[in-house]
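Observations on the model geometry
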Amino acid sequence: MDAPHHQNVHTVRSHGARVARSHVYDWIILFLLMVLYLIIYLVHPFRRYVGRDMMTDLRFPLKEVTVRFWVVPLYAVVLPLIIFLGFYYRRKDVYDLHHSILGLLFTVFATGVLTEATKNATGRPRPDFFWRCFPDGQDFYDLAGDVICHGKESMIRDGYKSFPSGHASWSFAGLTFLSLYLAGKITAFDQRGHVGKLCVVVFPLLVASGVAITLVDDYFHHWVDVFGGAILGLIVATICYLQFFPPPYHAQSWGPYAYFRMLEELRRSTNGTSNHLTNLIRNRDFAFPTEIRDGNALLT
């Protein structure tokens, strides 16, 4: 079923502080995750042995990437945030806004930590490693046969960080979360056969796939790097999304768990109040005011 328009709204002003306080530890963990990501990013990757016979697969041209890395957060983080705000403007549901933002940020930074940690641990050379190591084309090797690079240190350091692809992992992390979010909001899997809804859900994944393909075309990553990054981002996004929202095929996929839990608590509270008043009336310990004694009172 489609998401209904609710008479009782829950805005940032009325319930925002309460929702944020209930998740204060989650925000602290998120902050620590950001710090951990920065620390791991600055760590030098493992310097893997690269011999002369390995250079055949590492001699591809050194060129600029089609999609710069600073562009990735724009479509993988900023764009989903704008869409979240759009749904909030329509529904006025602070539970949905808070959990979508928290879930997205957890997704991208958890993916970032796993990506950078794996890059540093594996130290796999990029397809253009030869030109990063020997920019003048003159290669040198030590007695063990390992490379003796004389290129720019930052280029060499980045040359050992091929697996997995950060472009691919970030792209699939943010856009998979967005795809699942949209699937829930438009109830794409409501068994009514609306193919247009499916197109909306698939489009973010097509964008992420397109970015991943450019990385192979630019000789910036091996295809295994891109595939691994895509799988990593997709898995982390799915786990984080399901932490806050029902699966897209669920009847209540249009809202977060917290919203329905709040409604259930409100219903129980209202029923409890109604039962208490009923018992008071039966025991003659309570009398309705004169003006509504003969009418119907609505408990809200």
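Since we're looking at a predicted model, the values are computed, not measured. (Residues numbered from 1 in each chain as written. Predicted model: local features only at pLDDT ≥ 70, side-chain atom pairs only at ≥ 80, totals over all residues. Heavy atoms only, no water.)

1. Considerations on the environment of Gly184
Locating Gly184 in the fold gives a position in helix H7 (residues 166-185). Judged by its relative accessible area of 0%, Gly184 is buried. Measuring from C-alpha to C-alpha, the distance between Gly184 and Trp254 comes to 4.7 Å, with 70 residues separating the pair along the chain. (Helix = DSSP H or I, 4+ residues; strand = E, 2+ residues; numbered from the N terminus. Buried < 20%, exposed > 50% of the residue type's maximum accessible area, 1.4 Å probe, protein only.)

2. With respect to the environment of Ser162
Tracing the backbone shows Ser162 in the loop between helix H6 (153-159) and H7. In contact with Ser162, not counting residues within four places along its chain, are Lys119, Arg124, Pro125, Arg126, Pro127, Phe220, His221, His222 and Asp225. (Contact = heavy atoms within 4.5 Å.)

3. Focus: the packing of aromatic side chains
As enumerated under the stated definition, the model contains 17 aromatic pairs in all. Aromatic pair Phe69 and Trp170: ring centres 6.1 Å apart, planes at 70 degrees, arrangement edge-to-face. Placement of Phe69 in the loop between helix H2 (24-42) and helix H3 (72-91) and of Trp170 in helix H7 is noted, with a sequence separation of 101 residues between them. On the basis of relative accessibility, which here comes to 35%, the residue Phe69 falls in the partly exposed class. Of the aromatic side chains, those joined through ring pairs into one cluster are Phe84, Phe87, Phe177, Tyr181, Tyr241 and Phe245. The residue whose ring lies beneath Lys161 is Tyr41, and the NZ or CZ to ring-centre distance is 4.8 Å. (Phe/Tyr/Trp six-rings, centres within 6.5 Å; stacked < 30°, edge-to-face > 60°. Lys NZ or Arg CZ within 6 Å of the ring centre and 35° of its normal.)

4. Details of the packing of helix H1 (residues 12-22) against helix H4 (residues 94-122)
How two helices pack is summed up by the angle between their axes together with the distance between the axes. It is the contact of H1 with H4, at a shortest axis distance of 9 Å, that shows an interaxial angle of 45 degrees. By the angle between their directions, the pair H1 and H4 is classed as oblique. Two packed elements cross with a definite hand, and for H1 against H4 that hand is right-handed. On H4, the residues that touch Val12, His15, Gly16, Val19 and Ala20 of H1 are Val94, Tyr95, Leu97, His98 and His99. Residue composition of the contact of H1 with H4, grouped by class: six nonpolar, four polar and no charged. (Axes fitted to C-alpha atoms, helices over the stretch in contact; angles between N-to-C directions. Parallel < 35°, antiparallel > 145°, perpendicular 65-115°, else oblique. Left-handed = near helix turned anticlockwise from the far one by under 90°. Nonpolar A, V, L, I, M, F, W, Y, C, P; charged D, E, K, R; others polar.)

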